[in-house]
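Fold and contact review
Given next are the chains, with one letter for each unit.
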Amino acid sequence: MASQASNVVRPSDAELLQAQADLWRVSLSYLTPMSLRCAVELGIPTAIHRHGGAASAADLITALSLPSTKLPFLRRLLRLLAVAGVFTVDKTTAEDRYCINPVSYLLVDGIPHEVHINHTSLVLTCTSTRYLDAALGLAEWFKKDVVTPPFQELHGAALFHESMESLDPDYHNMANEALDAHDNFGIEIALREFRDLFEGIQSMTYCCGTCGDDKFARAIVQAYPHIKCTVLAPPKMIANKPADGVMINYVEGDMFSFIPPAQTVMLKLVLHHWTDEDCVNILAACRKAIPSREDGGKVIVGDIVIDYSGPMLETHLLMDIGMMTMTKGRQRDENEFREIFMKAGFSDYKILKKFGARVAFEVYP
């Protein structure tokens, strides 16, 4: 032990001073999402939007009916959020004005736009005490010989599951709203980005995952009515499906038992909720449901893929630790996806393109 320690090179004085500052930053970085939660709860993004897209701290004190004594504190909060990229700052006026940017745009209420889904429930879920308490218990969880996710171990209920609905209905509903924003944001963008892909599909089985909804499948059929679409869904969703004339065949069931045959099976943000073993079983069922590659058989997988050389690496890794803490799932890099594809009996795959923090694969039998 002593000989190993002697091999450690003492950092320089400048490196040690920088290291201390880095520790401050990392240790206190939780205050950024807490400040974002505060802004969401106060309604700051919506207030700025209603003020014409830019507002000073004094403007917000008035708009939100906050005590005037809080003005200097609000300035400090907004300053941090601007550095974090939630707002931009207009410094051309006597007092800094904080402006809506693409990040805060997602937190504004009441925008009637086809590609806008309000993400406040995502912020509130990720910064909730249920999430934070599970993360605070990670060290104790590592010491236990269990694989139950820390969230479930702590609360005795699984996130997005009926057990959580029984324990805390309000939290369950908010978490599912957050999941809906996470999974269904960008549907219209995807239909434009992947136009050629959908035009070549004749029949599709869409597997409802944890989100348990058919929004993307319905959007595909409305945009490409030539596609014969089957949705594999739980009974609760089938009982409440909209009666709007969209031509979809609903089949009750789950991905582990049987997947209705089609030229294409789609798994959108499904696999990252499951273990590797579960993913192999799901993909093997998909393999049985499609024809040969020569006959156009393929599985479309849309999921987050860890990119070690890309600008979203920290986001990908944070999402991975989030999945580890809250669910039994994980985020995977391309090699890990390749491994589960091959284990499930597929011969090849192709990355179609990146889609924000996600990637779309075509996987071939």
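Residues numbered from 1 in each chain as written. Predicted model: local features only at pLDDT ≥ 70, side-chain atom pairs only at ≥ 80, totals over all residues. Heavy atoms only, no water.

1. What to know about the overall build of the protein
The secondary structure content of the protein amounts to 20 helices and eleven strands. Counting only C-alpha atoms, the protein reaches 65 × 65 × 40 Å along its principal axes. Looking at the protein residue by residue over its 365 residues, the buried ones come to 45%. Expressed as a percentage of contacts within the protein between residues at least 6 apart in sequence, the contacts between residues at least 24 apart total 62%. Element-wise, carbon and sulfur atoms account for 57% of the exposed surface of the protein, whose accessible area totals about 19,400 Å². Where the 34 positive side-chain charges of the protein centre and where its 45 negative ones centre are 2 Å apart. (Helix = DSSP H or I, 4+ residues; strand = E, 2+ residues; numbered from the N terminus. Buried < 20%, exposed > 50% of the residue type's maximum accessible area, 1.4 Å probe, protein only. Contact = heavy atoms within 4.5 Å. Areas by Shrake-Rupley, 256 points an atom, 1.4 Å probe, with all protein chains shown as cover. Lys, Arg positive; Asp, Glu negative; His and termini not counted. Charge placed at Lys NZ, Arg CZ, Asp CG, Glu CD.)

2. A few points about the sheet that holds strand S2 (residues 87-90)
The strand order across the open sheet formed by three strands is S1-S3-S2, and the pairing between neighbours is antiparallel. Looking along the sheet, the strands with just one partner apiece sit at the ends: strand S1 (54-56) and S2. Between one strand and the next, the sheet's axes are offset by a mean angle of 35°, whatever the strand orientation. Note: S1 against strand S3 (residues 97-100), three bridges, orientation antiparallel. Within S3, the residue paired with Ala54 across the bridge is Cys99. (Pairing = 2+ DSSP bridges. Axes fitted to C-alpha atoms, helices over the stretch in contact; angles between N-to-C directions.)

3. Focus on the UniProt feature "domain: O-methyltransferase dimerisation" (unreviewed entry) in the protein
Summarizing the sequence annotation, UniProt attributes the feature "domain: O-methyltransferase dimerisation" (unreviewed entry) to residues 24-108 in the numbering used throughout. Here residues 24-108 is 56% helix and 13% strand, with 31 Å between the C-alpha atoms at its ends. (UniProt positions renumbered as here; feature names shortened; annotations may be inferred.)

4. Considerations on the pairing of S3
By the bridge criterion, four bridges tie S2 to S3 in an arrangement that is antiparallel. Residue pairing for S3: Val89 is matched across the bridge by Tyr98. Turn length for the S2-S3 hairpin, with the two strands adjacent in sequence and antiparallel, is six residues.

5. Describing the domain arrangement of the protein
Buried accessible area, meaning the area lost when the parts come together, often serves as the stated size of an interface. Its domain assignment divides the protein into domain 1 (29-112), domain 2 (124-181) and domain 3 (186-364). Using C-alpha coordinates to define each centre, domain 2 is positioned 24 Å away from domain 3. Contacts between domain 2 and domain 3 engage 14 residues on the former and eleven residues on the latter. Buried area between domain 2 and domain 3, both sides added, is near 1,000 Å², and the carbon and sulfur share of it is 70%. Broken down residue by residue, the surface that domain 2 buries against domain 3 is led by Pro149, Leu179 and Asp180, which jointly contribute 37%. Counting the contacts that link domain 2 with domain 3 gives one salt bridge. (Domains from an automatic or database assignment. Buried area = accessible area lost by both parts, 1.4 Å probe. Salt bridge = Lys/Arg side-chain N within 4 Å of Asp/Glu carboxyl O.)

6. Observations concerning the environment of Pro169
By the element assignment, Pro169 lies in helix H13 (residues 169-184). Using a relative accessible area of 42% as the deciding quantity, one classes Pro169 as partly exposed. Here the alpha-carbon distance between Pro169 and Tyr206, two residues 37 residues apart in the chain, equals 28 Å.

7. Some words on the packing of helix H3 (residues 31-42) against helix H6 (residues 71-83)
Where H3 meets H6, the axes come as close as 10 Å, and the angle between the chain directions of the two elements is 120°. Both H3 and H6 take part in a crossing whose hand is left-handed. Residues Leu31, Thr32, Ser35, Leu36, Cys38 and Ala39 of H3 touch H6, and the partners they reach there are Leu77, Leu80 and Leu81. Residue composition of the contact of H3 with H6, grouped by class: seven nonpolar, two polar and no charged. (Left-handed = near helix turned anticlockwise from the far one by under 90°. Nonpolar A, V, L, I, M, F, W, Y, C, P; charged D, E, K, R; others polar.)

8. Side note on the pattern of salt bridges
In this structure the tally under the stated criterion is 21 salt bridges. Glu95 serves as the salt-bridge partner of Arg75, at 3.1 Å between the closest nitrogen and oxygen. Highlighted residues: Arg75 in helix H6 and Glu95 in the loop between S2 and S3, separated in sequence by 20 residues. Here Glu95 falls in the partly exposed class, since its relative accessible area comes to 25%. The salt bridge partner of Arg97 is Asp90, with a shortest N-O separation of 3.6 Å.

9. Observations concerning the packing of helix H18 (residues 276-289) against helix H20 (residues 334-343)
Running from N to C, H18 and H20 cross one another at 50°; their axes reach a closest spacing of 8 Å. The pairing of H18 with H20 is recorded here as oblique in orientation. Considering only the axes of H18 and H20, their crossing is right-handed. On H20, the residues touching Asp276, Cys279, Val280 and Leu283 of H18 are Ile340, Phe341 and Lys343. Here the residues of the contact of H18 with H20 sort into five nonpolar, no polar and two charged. (Parallel < 35°, antiparallel > 145°, perpendicular 65-115°, else oblique.)

10. Overview of the UniProt feature "active site" (unreviewed entry) in the protein
As annotated in UniProt, the feature "active site" (unreviewed entry) corresponds to His272 in the numbering used here. With respect to the secondary-structure elements, His272 resides in the loop between strand S7 (264-268) and H18. Since its relative accessible area comes to 2%, His272 is described here as buried. Residues within four places of His272 in sequence aside, it is in contact with His182, Asp303, Ile304, Met323, Gly329, Arg330, Gln331 and Arg332.

11. Quick word on the environment of Ser166
Looking at the secondary structure, you find Ser166 in helix H12 (residues 162-167). The exposed category is assigned to Ser166, whose relative accessible area is 64%. With 92 residues separating them along the chain, Ser166 and Phe258 place their C-alpha atoms 28 Å apart.

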